[in-house]
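Close look at the chain arrangement
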Amino acid sequence: MSKYLRASLGNDFGYTPGEQPSDAEGWLKLNSNESPLPPSAGVAAAVAQAAGELARYPSPVAEPLRSALAHMHGVKPEQVFVANGADQVLDCCFRAFASPGDPVVRTDPGYSLLPVLAALFSVRDVPVPIDVGGALPRDFATGSAVLRVVVNPNSPTGHWIEPETLEAALHDAMGVIAIDEAYCDFAPASCVPLLASHPSWLVIRTLSKSHALAGLRVGYALGDRAVIADLNAVRDSYPVDRCAIAGAVAALEDREHHQLIVDTVLRERARMGDRLIALGWTVEPSQANFVFASPPDGIRAATVAARLRAARILVRHFTLPGLDAALRITVGDGPATDRVLAVISSLDG
Ligand SMILES: Cc1ncc(COP(=O)(O)O)c(C=O)c1O
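What counts as what
- Residues numbered from 1 in each chain as written.
- Predicted model: local features only at pLDDT ≥ 70, side-chain atom pairs only at ≥ 80, totals over all residues.
- Helix = DSSP H or I, 4+ residues; strand = E, 2+ residues; numbered from the N terminus.
- Rg over C-alpha atoms; globule rule 2.2 N^0.38 Å.
- Buried ≥ 20, exposed ≤ 12 C-beta atoms within 10 Å, placed from the backbone.
- Contact = placed C-beta atoms within 7 Å.
- Axes fitted to C-alpha atoms, helices over the stretch in contact; angles between N-to-C directions.
- Parallel < 35°, antiparallel > 145°, perpendicular 65-115°, else oblique.
- Left-handed = near helix turned anticlockwise from the far one by under 90°.
- Nonpolar A, V, L, I, M, F, W, Y, C, P; charged D, E, K, R; others polar.
- Core = buried A, V, L, I, M, F, W, Y, C linked by C-beta atoms within 7 Å.
- Pairing = 2+ DSSP bridges.
- Arc of directions from axis to C-beta.

Okay, the overall build of the chain next. Secondary structure summary: the chain contains ten helices and twelve strands in total. In terms of overall dimensions, the chain is globule-like: its C-alpha atoms have a radius of gyration of 20 Å, near the 20 Å expected for 349 residues. Seen through its principal axes, the chain has C-alpha atoms that stretch 55 × 50 × 50 Å. Each of the 349 residues in the chain was classed as buried or not, and the buried ones make up 47%. For the chain, the proportion of contacts with a sequence separation of at least 24, taken over those separated by at least 6, is 71%.

Set out below in structure tokens:
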């Protein structure tokens, strides 16, 4: 860091993503909640074709992807905001709705990017500890806030709140409510159908997980056309490039492949969870594409992470108090589950 960095950010400022080793290094990556399968075969062809048109700027609102997403969700194109990943959608929520000093409410634990954005935008970060089991506490909705962010299913726990329960909990909440549904395709239901009755709500989604496009960077928000117009007013000029627009459209068209990814995750999530429980682990109920699990007494999470690492398997160990006793393990394909379980079964406390 140089002496010129804004003093308010502090010296160790920045989001810490999961480790991203070079693709050539042969790691089994279960630390960033990526898809166990590659994207639809149609994606590469669509990207290659779009590469022939790179002399021209892309559509500022990411057409025809925006219309494809609108069609998929049964809303109007003006109700869709597309950006360079869900992370950029969240960034635009801070840009659009929060002035310096304004309170922004989030859950704790929750997505670790949110406090980083709060610092970046000089807003007041208000973490609200969630109840045991993942329920939203009453004070999440009360009190003033210009923006409240709920991650559902939550990360890193995988806990999921039913849309109707969430609706009841947020009934009288002021400000914009952003529901980050990055992992929703692995859960039983979405809040999208509730948007029609809540003009201050946004549902944020990504193609990084269930469409296997983490490397392409496409995320979006759905909501009332007025709040979507707010996001468009603060976005970069061309947030989604031509290759990403084309590749994302191709991925959306291949419903069968998308279902295969979801089915693989659901099957392996159940297998991983059951086996870990049988080995004495505590496994949080997950509706996401990862499990958050703590080893039995006498075995430290950090030790398990190190043993997995020695076997060239990366998982996520958060060192924050309250989270450090567990590991977040992304659900992979069948052989990935086998590899993880083989290492864990061989631990002897
Ligand atoms: C809760 C949550 N929201 C958003 C994202 C980022 O999504 P994207 O890859 O579209 O930026 C992640 C990434 O892991 C996430 O866990």
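Here we take up the packing of helix 1 (residues 41-51) against helix 7 (residues 242-253). Taken N-terminus to C-terminus, the directions of helix 1 and helix 7 make an angle of 150°; their axes are 8 Å apart at the nearest point. One element, helix 1, and the other, helix 7, form an angle in the roughly antiparallel class. Note on packing geometry: the crossing formed by helix 1 with helix 7 is right-handed. On the side of helix 1, the interface is formed by Gly42, Val43, Ala46, Val47, Gln49, Ala50 and Ala51, while helix 7 contributes Arg242, Cys243, Ala246, Gly247, Val249, Ala250, Ala251 and Glu253. A per-class count over the contact of helix 1 with helix 7 returns ten nonpolar, three polar and two charged.

Further remarks concern the nonpolar core. Judged by nonpolar contacts, the single largest core of 102 residues is most densely connected at Val82, Val89, Cys93, Leu202, Val203, Ala221 and Ala248. Per element, the largest residue contribution to this core is nine residues, and it comes from helix 7. Setting aside its immediate chain neighbours within four residues, Ala221 contacts Phe81, Val89, Leu202, Val203, Ile204, Ile228 and Leu231.

The next point concerns the sheet that holds strand 9 (residues 282-283). Hydrogen bonds along the backbone pair up the strands of a sheet, which may run parallel or antiparallel. Pairing is antiparallel across the open sheet formed by three strands, whose spatial order is 9-10-12. The two strands at the open ends of the sheet, each matched to only one other strand, are strand 9 and strand 12 (327-330). Here strand 9 pairs with strand 10 (residues 290-294) via two bridges, running antiparallel. By the bridge assignment, Val283 is partnered in strand 10 with Ala293. Against the sheet, helix 8 (residues 255-278) touches strand 9, strand 10 and strand 12, its axis set at about 5° to strand 10.

Next up on the list: the pairing of strand 10. Within strand 10, five of the five residues are buried, which leaves the element mostly enclosed by the surrounding structure. Taking every second residue as pointing to the same face, both faces of strand 10 are buried, with Phe290, Phe292 and Ser294 on one and Val291 and Ala293 on the other. In sequence, strand 9 turns back onto strand 10 through a hairpin of six residues. Note that strand 10 and strand 12 share four bridges and pair antiparallel. Within strand 12, the residue paired with Val291 across the bridge is Ile329.

Once that is clear, we can look at the sheet that holds strand 8 (residues 219-223). Ordered by their spatial adjacency, seven strands build an open sheet running 2-8-7-6-5-3-4, and the pairing between neighbours is mixed. Among the strands making up the open sheet, the edge pair consists of strand 2 (80-83) and strand 4 (124-129). Looking at each pair of strands side by side, their axes are set apart by 20° on average, direction ignored. As paired strands, strand 3 (residues 103-108) and strand 4 are joined by six bridges and run parallel to one another. By the bridge assignment for strand 4, Thr107 is matched with Val128.

Listed as buried for helix 4 (residues 113-120) are Leu113, Leu114, Leu117 and Ala118. When helix 4 is viewed along its axis, its buried side chains cluster within an angular range of 140° and face the same direction. Buried residues along helix 4 sit in contact with helix 3 (86-97), strand 3, strand 4 and strand 5 (147-151).

Another aspect to go through is unusual backbone geometry. Here the amide bond leading from Glu63 into Pro64 is cis, since omega sits at 5°, within 30 degrees of zero. With an omega of 5°, the peptide bond running from Asp108 to Pro109 counts as cis. By the secondary structure assignment, Pro109 is in the loop between strand 3 and helix 4. Even without glycine at this site, Arg312 takes up a positive phi of about 60°. Topologically, Arg312 is positioned in the loop between helix 9 (301-310) and strand 11 (313-314).

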